[in-house]
Amino acid sequence: MNPTHYVTPYERGNRNQTTTWAECIAWYERLATDFPQVLRFFRIGVSDNGVPLHAGVISADGVLDRASIQAAGRCVFFNNNGIHPGEPEGIDTCMALVRDFCTQPQRLAALGSTVFLFIPIYNVDGCLNRNASSRVNQVGPETFGFRGNGRNLDLNRDFVKCDSLSAQAFNRFFTEWDPEVMVDTHTSNGADYPYTMTLIHTQSDKLGGTLGAFLRETMVPSLYADMARRGWPTSPYVHPIKDSPDDGIAHMLDVPRFSTGYAALHHTIGFMPESHMLKPFADRYEATRALVETVLDFTVAHAGRIQALRRET
C-alpha cells in the first residue's frame, strides 16, 4: 500500500486544519479494511446524542482480540484523544501515528509485544459542534470542536461521576482493557509561558510505593530528557497560587473526575499533555506527537518492569 493514499486532513491542508468526526471515522475504517492484520477498529458505545463512540487496537503480530492479548499478559499503552475537541492536536497526531504503524513495518515491529490502544475522538458530540471562536485566543486550527458534549457536560470532569453515556462506555472499556500507561491529549487554556508542551502526570503517591517511585524517579525524568532531545523542552503544568508565580505554584490535584486521577484508581500510569494554546497549531501538533511517541517508546522499553510493579501495588 502506498502511504500517500492515507494522508490525513491535517497533512493535506495548510497544517492549520483538524479533521472532522466524519472524515476521521471513515479514514480509520478504510485503514482497518486495508490493514486487517495490523488494526482493528470497533465501536465501544454511543454518546449522549446517540453518535457511535469508537476505539482501535494495533499489535505487531496480528493478535487484536482483547481476550488473547490479556491471556498472553501483554502490556497495553492507551492513547485517548478529543475529550475536549477544541483541543484537537491529539486527534490528528493519533491518525498519523496509526497510519505509520500500518504502512511502515519497522515502526510496527518496534512495538514488540506492547499493544497500542486508542480512542480517536472521545467527545464525539463536541467534535460535531464545530466553530472558530469558542477558544478565541487559541492560535489555530481554523475551525474546531466544542468543549461540552451533547448535554454540555465536560467529559474531563465526569470519569467517576458517570453522568454521561460516554463516561459509562469509557469506564467499561478502560476496566476491560486495563492499560498499563495512558496518554490523554489536551491543550492549555491560556496562561502564557515559553514552552510549547507542558505535562501533568498521575501523582506518584496515588500509585503506591514501588510503582509511584518508578514514575517519579525513573519515568518522568526520562520523558523530560527525551522531549528536550527531540527539540520540545517540556515543563510541568502548574497553577499559580495567587496572581504571580512569585507567590508560589502548585501541582494540579488530579482527583478521579479527571483522566489521570481516574487512571490512578486502576494503578495505571496516566499523563495529560497540555500543549500551549498561544503557540501555532503546527508546533502544538509536532510537540504532541513527540510526547505520545516518547511515552510509548519508554513503555515499550520498560513494559516488563511496569507490569511487575503494578502487580506489587
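Residues numbered from 1 in each chain as written. Predicted model: local features only at pLDDT ≥ 70, side-chain atom pairs only at ≥ 80, totals over all residues. Heavy atoms only, no water.

### What to know about the environment of Asp-243
Stated formally: Runs of E in the DSSP output that reach at least two residues are strands. Runs of H or I that reach at least four are helices, and both are numbered from the N terminus.
Within the secondary structure, Asp-243 is located in the loop between β9 (238–240) and β10 (249–251). For the pair Asp-243 and Val-295, spaced 52 residues apart in the sequence, the C-alpha separation amounts to 33 Å.

### A word on the layout of surface pockets
Put simply, the test is: Here a cavity denotes grid points, spaced 1 Å and computed from the protein atoms alone, that fit a 1.4 Å probe unable to get out, and a pocket denotes an open set having protein on both sides within 12 Å along at least 5 of 7 lines; residues with an atom within 4 Å of a point are the lining. Grid points are joined across faces, edges and corners, and a volume is the space filled by probe spheres set on the points. Throughout this entry, Asp, Glu, Lys and Arg are counted as charged residues, while Ala, Val, Leu, Ile, Met, Phe, Trp, Tyr, Cys and Pro are counted as nonpolar. The remaining residues, Gly among them, count as polar.
When its volume is computed, the largest pocket comes out at roughly 390 Å³. Residue lining of the largest pocket: 19 residues in total, with Ala-191, Tyr-193, Val-238, His-239 and Pro-240 positioned closest to the centre. Of all elements in the fold, only β8 (234–236) and β9 reach the threshold of two or more residues within the lining of the largest pocket. Top contributing element to the lining of the largest pocket by residue count: β9, with 3 residues. Looking at the lining of the largest pocket residue by residue, the class counts come to 10 nonpolar, 7 polar and 2 charged.

### What to know about helix α8 (residues 209–229)
Each turn of an α-helix holds 3.6 residues, which means side chains three or four residues apart point in the same direction. Selection criterion: Under the convention used throughout, the expected extent of a helix is 1.5 Å for every residue step, that is, one less than its residue count. Take the seven residues that end at a residue and the seven that start at it, fit an axis to each, and the angle between those axes is the bend at that residue. With a 1.4 Å probe rolled over the protein chains alone, any residue whose accessible area is under 20% of its type maximum counts as buried; one over 50% counts as exposed, and the rest are partly exposed.
Between its first and last C-alpha, α8 extends 29 Å over 21 residues, near the 30 Å set by a 1.5 Å rise per residue. Of all bends in α8, the biggest is about 35°, found at Leu-215. Regarding α8, the residues found buried are Leu-211, Gly-212, Ala-213, Phe-214, Leu-215, Met-219, Val-220, Leu-223, Asp-226 and Met-227. Gly-231 sits one or two residues past α8 and shows a positive phi near 90°.

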